[in-house]
Amino acid sequence: MTLLKKIVDWIDLRIGVREIVRKELTGYLLPRNINAWYSMGSILLVAFALQVLSGILLLIYYVPDADKAFKSVSQIMNEVPFGWLIRMFHAVGSNMMVLALLLHMLSVLLMGSYKRPRELNWLTGFILFSLVQGISLTGYLLPWSQLSFWATTVATNSASAIPLIGPYLVEFLRGGVLVGPPTLGRFFALHVAVIPLLIAALIGAHLFLLKRTGVSTPPFGQPETPIPPPADSYRYEDHPGGIPFFPNYALEDLRSIALYLACFLAVLFFDPYLFFPKDAFIPANPFVTPAHIKPEWYFLANYQTLKLFPNELIGLSLQGAAMTFLALLPFIDRGRQRHPLKRPLFLACFIAGLLLWIGLGIWGHYS
Amino acid sequence: MDHKRRTFLGIGLAGLGALAAAAVGWPLFRYLAPRSSREAAGKVVVPEGDIPEGGARFFEYAGSSAVLVRKRDGGLVALSAVCTHLGCIVQWQKESQDFLCPCHAGRFSTDGVVIAGPPPKPLAKIPFSVSGGNITVG
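Given the structure is predicted, the values throughout are model-derived calculations rather than measurements.

Enquirer: How should I be thinking about the overall build of chain B in this particular structure?
Expert: Within chain B, the secondary structure is distributed over two helices and 10 strands. Starting at the N terminus and walking to the C terminus, you meet the elements of chain B as α-α-β-β-β-β-β-β-β-β-β-β. Residues classed as buried in chain B amount to 30% of the 138 residues present. When the accessible surface of chain B is split by element, carbon and sulfur atoms take 60% of a total near 8500 Å². For chain B, the centre of its 15 positive side-chain charges and the centre of its 10 negative side-chain charges are spaced 13 Å apart.

Enquirer: I'm lost on the side chain of Ser72 of chain A in this one. Help?
Expert: Residue and element names in this part refer to chain A. Inspection of the secondary structure puts Ser72 in helix α4 (residues 69-78). Side-chain polar atoms of Ser72 contact the backbone oxygen of Ala69, separated by 2.8 Å. Not counting chain neighbours up to four residues away, the residues in contact with Ser72 comprise Tyr61, Tyr62 and Val63.

Enquirer: Help me out: how do you make sense of the interface of chain B and chain A in this one?
Expert: Think of interface size as the accessible area that goes away when the parts come together; that is how it is often given. Taken residue by residue, the interface counts seven residues in chain B and 12 residues in chain A. Surface buried jointly by chain B and chain A totals about 880 Å² across both partners, of which 67% is contributed by carbon and sulfur atoms. The interface formed by chain B and chain A includes zero salt bridges.

Enquirer: What exactly am I supposed to notice about the pairing of strand β3 (residues 64-70) of chain B here?
Expert: Put simply, side chains in a regular strand alternate between the two faces of the sheet. All names here are of chain B. Of all the seven residues making up β3, five are buried; the element is thus mostly covered by neighbouring parts of the structure. Examined bridge by bridge, strand β2 (residues 56-61) and β3 share six bridges and lie antiparallel to one another. In the strand pairing of β3, Glu60 is matched with Ser65. The turn linking β2 back onto β3 is made up of two residues, and Ala62 within it adopts a positive phi angle of 50°. Bridge count between β3 and strand β4 (residues 76-80): five bridges; the pairing is antiparallel. Following the sheet pairing, Val67 is matched in β4 by Leu79.

Enquirer: How do you make sense of the nonpolar core when you look at a structure like this?
Expert: In a soluble, globular protein the nonpolar side chains are often hidden away together inside. Counting 71 residues, the largest nonpolar core has Tyr62, Trp122, Trp144, Leu184 and Ile199 of chain A as the members making the most contacts within it. Taken together, the elements giving at least two residues each to this core come down to α3 (40-61), α4, α5 (83-110), α6 (119-141), α7 (146-157), α9 (181-213), α10 (245-270) and α14 (344-366) of chain A. Per element, the largest residue contribution to this core is 15 residues, and it comes from α5 of chain A. Contacts of Ile199 of chain A, omitting those with residues within four sequence positions, involve Phe48, Leu128, Leu131, Val132 and Ile135 of chain A. Judged by nonpolar contacts, the second largest core, of 13 residues, contains Val77, Cys88, Trp92 and Phe108 of chain B.

Cut-offs and rules
- Residues numbered from 1 in each chain as written.
- Chains lettered and ligands numbered in written order.
- Predicted model: local features only at pLDDT ≥ 70, side-chain atom pairs only at ≥ 80, totals over all residues.
- Heavy atoms only, no water.
- Helix = DSSP H or I, 4+ residues; strand = E, 2+ residues; numbered from the N terminus.
- Buried < 20%, exposed > 50% of the residue type's maximum accessible area, 1.4 Å probe, protein only.
- Areas by Shrake-Rupley, 256 points an atom, 1.4 Å probe, with all protein chains shown as cover.
- Lys, Arg positive; Asp, Glu negative; His and termini not counted.
- Charge placed at Lys NZ, Arg CZ, Asp CG, Glu CD.
- Polar contact = N/O pair within 3.5 Å; in protein donor to acceptor, adjacent residues only side chain to side chain.
- Contact = heavy atoms within 4.5 Å.
- Buried area = accessible area lost by both parts, 1.4 Å probe.
- Salt bridge = Lys/Arg side-chain N within 4 Å of Asp/Glu carboxyl O.
- Pairing = 2+ DSSP bridges.
- Core = buried A, V, L, I, M, F, W, Y, C linked by side-chain atoms within 4.5 Å.

These values are about where atoms sit, not about what they do.
Here you go:
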């Protein structure tokens, strides 16, 4: 114990580590009525870190070559000791991460935490959401299965509806007229280098903004107080008399992370192929289109929207408009009230939007 | 009393942590561990005619490099081609009928005995048999 104290003293003398702990951990106070939904960010950090780690492990055996990719994934699954665990961890983990991200966004929407002065937090979060969709889409192609090949064909083909540049854009995305070996090279580089770096940078920006603005106070569980007028100069939202981040909320975070891992591992060990249709186990064949090719569950609503509109451009424009509306929501919804029950129009749109998304997804799944 | 409870909980938590670390660590170790080269060691068959008198043939054996040499007197030798100094692959010098390790100029005789340079041990000998015009190594 004295040795540990001596080491800490030695470091403290040089970089003032105890002051950092006081300021950033034990003295970092959070609102007294903070709830478990505020742990979603920590869960996502852990989920992203686990994806990076399992992804690096897969890189050891995966071969990004159209002739060898499927074989290398089969080898990971069947021959490498515990390869199936690492691969399924990565594949199931990506789905769980998207689910956690959606829940994080829904809780932020419901608690009005996107509102002034946190518009930039929302925007960076929204870009992160788009990047996670991008990394999922590019990762989908890598096993070079029938599912990978044809889901990528359909997804990249959507861009052809964009007037004038559409057809060239599709060719540019694919690296050729059709999905083929050049597409695998591009998607591999995007999946393992470009998008992860962008995500890491955006996470940094998101946390920096959180640090500068301060944690928002939940609109629930506290005596009603009048909403203060918007500040006309920069003000850090502190919470005097609040609960310390360490050890109090750090333990809450740990509990939420443990709950997330329990759900994740339950899927991983009891229903690992939940997200795998049978086409995921057949090597890609560019000459045979499978009968019912469907995207991942989180793209099903987009897929069904495109099917509903005979004109692909209208379908794409609608989705683009919806995404732009969501991205710019803090600039459109400028009311100061954050309690969902006191924002009936917002709450109605929130529930209707969510039901529409789920409904379109179920319809897309069974169509 | 409270102190005892804390100690008990601390030990319990440390035990659970150790179990969790083992549950993660063991699959990770097995995933990364090289597959035993001995497991993969099969026999290598080389036609006798492939090695001329005074010549050598390099091949992969048990996950490593090996070499077959036919001496000028017609005798055959099978050796590990990995230099015993720092693990470089030795090169056959047909003119001088010996092995040279290009990394630090270690020299070995046709039988793998050190004749010059820093290698501490001779090249390892590999068992082989000859029948029906084929050399079977291993």
